[in-house]
Amino acid sequence: MPSRRTAGHWPILVPAGLAIGILLLPLLALLLRVDWAGLPADITTPLARQALALSALTTSVTLLVVVLLGTPLAWMLARGAHPALPWLRALVTVPLVLPPVVGGVALLAAWGRGGIVGAVLDETLGITIPFTTVAVIVAETFVALPFYVISVEGSMRGLDRRLDGIAATLGASPLRTFTQVVIPLVAPGMAAGAALAWARALGEFGATITFAGNFPGRTQTVPLGVFTALEQDPDAAVALSVVMLGVCVVVLGALRSRWRP
Amino acid sequence: MSTVVAVTAAAPLGGCSFPGPLDGTAERVTVLAAASLTDVMPQLVAGERKRHPDRTYEVSYAGSSQIVQQLNSGAQVDAVVLAGEEPLQALDDGLDLGETVIVATNTLVVALAQGNPGEIAQWSDLGRDDISLVVCAEQVPCGQAAQRVFAADGLRPTVASYEPDVRATLSKVASGEADAGVVYVTDVTDTDLPTLPVPRDVAVTTRYPAFSVEGSMAGEDFVSQLGSAESRAVLREAGFGSP
């Protein structure tokens, strides 16, 4: 019998309950579908091992690139005063909402053999990016960088500007201010942004399969491996899916108190 | 309590059946076809539509192994046409399927990128390191046939990517991203891409099985019509072989 206090909460609880159900039911179903006894064997098949190793490599490199390039960009967007910056921020966010396959087509248009830059690379240096592990990193960076930039810019905006002035009066150069004052203060935001960007890179599929292709050990990351295994070896697909789920839960669980940078 | 509310709210939705006769006159017929049938299926469907004006046909294309996966997951379809017989083995035993009829055959060819940038002049060139060759993934009939051809020839090509279906393979070649791709002869008939034939002694023929699903009358009509002389003529003109 609902008490008077909870009776008025049904308009909130019912839709919220449905939302929770929609989100958690598939995850629960996945866990129920796993053949737990066969899991160790399923995730040590060549397909699974190669996919996991490749994803570990590419997402690590992507994370490095994203942090090194994204932090200065976030700072520029947070502190800059140029009137074009709001437009730049909007453009930087585009890969975030672009359907990943569309991202892949765009990457081909830029870096493919017939692409604006790709054609030049191919003719002058004989370098082709599609079908290589570098292409995977390019695709992952394209989708993950906006996540990081938006997240870190948010925490940089929250910084007290007077701290910059104080550091300057104490004789610090802008670079030193950035590295020794700003970075330590936004470090939690950077960590949260980096985790989100890494998770996005790990899950990237559409742009990867369109731009980098699908080759075990070279471009077949875990999502592509699951896609392939679904038709070759469904048990391995479910096992890999559960591993991905576990990794994501661990990362997001570690972040739970730092959701808002 | 909230679960009870949610379930009772959702119950009426479960009573709807999709697809079904919408106004009693147009019957929706769903067909899943292998990717290599993309160009020829509209013609076959048009012929069928003339015979049954009260039916509307919807065709969806995918790699044969993906079609099997969709069937196993409960896709509501009337008829299926696959590009090979191996995927049939992955079908769930519990599915109610009609008799399998072989409606066409196909052979492989190597499609080359426009202008032949890889300078591929003969079959053995496919073994070179400096070209990018794309083939279908192993679970699709096109990929299995390609592997059989390579094995029979003893060729070990450097594959750049395993694509999900034959049309994805073709598009990589057509866009110039790959130098060559192993596709069906029927896939290149409408393009002007240069091609390299597969040597006769290692050529492999794939057979296209078709069947109806869940006793669908419209599906059975469609499948039996695929075996007719008229359909065979359409298929032959598109480059398919007769079973």
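Everything in this summary refers to the structure shown in the same document. (Residues numbered from 1 in each chain as written. Chains lettered and ligands numbered in written order. Predicted model: local features only at pLDDT ≥ 70, side-chain atom pairs only at ≥ 80, totals over all residues. Heavy atoms only, no water.)

**Things to note about the interface of chain B and chain A**
Each partner contributes residues to the interface: chain B has 22 residues there, and chain A has 21 residues. Summed over the three residues of chain B that lose the most area to chain A, namely Q139(B), Y162(B) and E177(B), the buried surface amounts to 33% of that side. Applying the counting rule to chain B against chain A returns one salt bridge. D179(B) is the partner of R113(A) in a salt bridge, and the nearest nitrogen-oxygen pair spans 2.8 Å. Linking chain B with chain A are 11 residue pairs in polar contact (both at pLDDT 80 or more). Every element with two or more residues in the side of chain B that touches chain A is listed here: α1 (2-15), α3 (64-72) and β6 (159-163) of chain B. Tallying contributions element by element places β6(B) first for the side of chain B that touches chain A, with five residues. Residues that form the side of chain B that touches chain A fall into these classes: nine nonpolar, eight polar and five charged. (Contact = heavy atoms within 4.5 Å. Buried area = accessible area lost by both parts, 1.4 Å probe. Salt bridge = Lys/Arg side-chain N within 4 Å of Asp/Glu carboxyl O. Polar contact = N/O pair within 3.5 Å; in protein donor to acceptor, adjacent residues only side chain to side chain. Helix = DSSP H or I, 4+ residues; strand = E, 2+ residues; numbered from the N terminus. Nonpolar A, V, L, I, M, F, W, Y, C, P; charged D, E, K, R; others polar.)

**Considering the packing of aromatic side chains**
Per the stated rule, a full pass over the model turns up seven aromatic pairs over all chains. When the centroid spacing of 5.9 Å and the interplanar angle of 25° are considered together, the rings of W123(B) and F150(B) count as stacked. Of this pair, W123(B) sits in the loop between β4 (101-112) and β5 (133-136) while F150(B) sits in helix α4 (residues 141-153), and the two are 27 residues apart along the sequence. For F150(B), a relative accessible area of 4% gives the class buried. An aromatic cluster is built from Y184(B), Y208(B) and F240(B), whose rings are joined through pairwise contacts. Across the ring face of F215(A), the terminal group of R218(A) is positioned such that the distance to the ring centre comes to 4.1 Å. (Phe/Tyr/Trp six-rings, centres within 6.5 Å; stacked < 30°, edge-to-face > 60°. Buried < 20%, exposed > 50% of the residue type's maximum accessible area, 1.4 Å probe, protein only. Lys NZ or Arg CZ within 6 Å of the ring centre and 35° of its normal.)

**Considering the state of the cysteines**
Covalently bonding the sulfur atom of one cysteine to the sulfur atom of another cysteine gives a disulfide. Residue and element names in this part refer to chain B. Applying the stated rule across the entire model yields one disulfide over all chains. Here C136 is linked by a disulfide to C142, with a sulfur-sulfur distance of 2.4 Å. Around the S-S axis, the bridge from C136 to C142 shows a dihedral of about 70° and counts as right-handed. When sorted by exposure, C136 lands in the same class as C142, which is buried. (Disulfide = S-S within 2.5 Å.)

**Some words on empty space enclosed by the protein**
Residues and elements named next belong to chain B. Scanning the model with the defined rule gives two cavities of 30 Å³ or more in all. The space that makes up the largest cavity amounts to roughly 50 Å³. Lining the largest cavity are 13 residues, and of these S64, A83, V140, V166 and Y184 lie nearest its centre. A breakdown of the residues in the lining of the largest cavity according to their chemical character gives nine nonpolar, three polar and one charged. Inspection of the lining of the largest cavity shows a minimum of three residues originating in each of domain 1 (4-104 + 207-237) and domain 2 (106-205). (1 Å grid on protein atoms, 1.4 Å probe; cavity = no way out; pocket = protein on both sides within 12 Å on 5 of 7 lines; lining within 4 Å. Points joined across faces, edges and corners; volume = space filled by probe spheres on them. Domains from an automatic or database assignment.)

**So, helix α6 (residues 100-111) of chain A**
Over its 12 residues, α6(A) extends 16 Å from the first C-alpha to the last, a length consistent with the 16 Å expected when each residue adds 1.5 Å. Of the surrounding secondary structure, the elements contacted by the buried residues of α6(A) are α8 (133-157) and α11 (206-212) of chain A. (Expected span 1.5 Å × (residues − 1).)

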